[in-house]
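This is what each chain is made of:
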Amino acid sequence: MAKEMTRHNGAKAWEEERDSLRRARLWEARHQAALAIIARSPGKKHMVTDVCVPISVLPEAIVQARSEIERHQLEAAILGHVGDGNFHVAFCFDPDHPDERNKALAVNEAVVNFALAHGGTCTGEHGIGLGKIKYLEVQYGPAVEVMAALKQTLDPRHILNPGKIIRTGI
């Protein structure tokens, strides 16, 4: 059914594999996608965002992401292992042009806000890191204070991922 739906919606190729070695090669191609995106834009900085949405919202989320990319006139790829609702938007921008960086950040924000507004999460697998702290706070509200208290208790010297995931006041 998935194959039929993707072809109906303009998919250019479909590959599936039951053999474990051949399946591993397909996964390797997926993992090399970032390198292909980077190679396409020499001298630019690579940025990727990921979100996870309920499967029922996934087609709308991807259409919305593509719309934001086009609206901001960026070149980007949307990819992922979408069977769990997790997808990635990867693009490159010129770090010497603040306008390009701002457009990339605006696309990121729109994609994340859509996911949060539709019962999804601000990240599917890449984590919070530095770039999604504010979205974690939107997603979990006051619970982030509990997370910060646990972090302080378990890492009072702030040596484990300092400054990442939650604001620790350092």
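Residues numbered from 1 in each chain as written. Predicted model: local features only at pLDDT ≥ 70, side-chain atom pairs only at ≥ 80, totals over all residues. Heavy atoms only, no water.

Enquirer: For this particular structure, what's the right way to read the nonpolar core?
Expert: As a rule of thumb, soluble globular proteins bury nonpolar side chains together. Judged by nonpolar contacts, the single largest core of 28 residues is most densely connected at Phe87, Val89, Phe91 and Val111. Every element with two or more residues in this core is listed here: strand E1 (45-52), helix H4 (58-71), strand E3 (86-93), helix H5 (98-117) and helix H6 (133-140). With seven residues, the top contributor of residues to this core is H5. (Core = buried A, V, L, I, M, F, W, Y, C linked by side-chain atoms within 4.5 Å. Buried < 20%, exposed > 50% of the residue type's maximum accessible area, 1.4 Å probe, protein only. Helix = DSSP H or I, 4+ residues; strand = E, 2+ residues; numbered from the N terminus.)

Enquirer: How do you make sense of the packing of H6 against helix H7 (residues 143-154) when you look at a structure like this?
Expert: For any two helices packed against each other, the geometry is given by the interaxial angle and the distance between the axes. Between H6 and H7, the least distance of the axes is 7 Å, while the angle of their chain directions is 120°. In terms of orientation, H6 and H7 fall into the oblique class. In contact with Leu136, Glu137 and Tyr140 of H6, H7 contributes Ala143, Val144 and Met147. When grouped by side-chain class, the residues that make up the contact of H6 with H7 number five nonpolar, no polar and one charged. (Axes fitted to C-alpha atoms, helices over the stretch in contact; angles between N-to-C directions. Parallel < 35°, antiparallel > 145°, perpendicular 65-115°, else oblique. Contact = heavy atoms within 4.5 Å. Nonpolar A, V, L, I, M, F, W, Y, C, P; charged D, E, K, R; others polar.)

Enquirer: What should I look at first to understand the layout of surface pockets in this one?
Expert: Leftover empty space is mapped by rolling, across the atoms, a probe with the size of a water molecule. Considered as a void within the structure, the largest pocket measures approximately 1600 Å³ in volume. Taken together, 28 residues make up the lining of the largest pocket; nearest its centre are Thr6, Ala13, Trp14, Gly80 and Val82. In the lining of the largest pocket, the residues fall into 16 nonpolar, six polar and six charged. Taken as a whole, the second largest pocket encloses approximately 440 Å³ of empty space. Along the wall of the second largest pocket there are 20 residues; nearest its centre are Met47, Val48, Asn108, Gly131 and Lys132. Of all the elements in the fold, those that place two or more residues in the lining of the second largest pocket are E1, H5 and H6. Take the lining of the second largest pocket: its biggest share by element is six residues, from E1. Residues belonging to the lining of the second largest pocket are distributed by class as follows: seven nonpolar, seven polar and six charged. (1 Å grid on protein atoms, 1.4 Å probe; cavity = no way out; pocket = protein on both sides within 12 Å on 5 of 7 lines; lining within 4 Å. Points joined across faces, edges and corners; volume = space filled by probe spheres on them.)

Nothing here speaks to function; it is geometry throughout.
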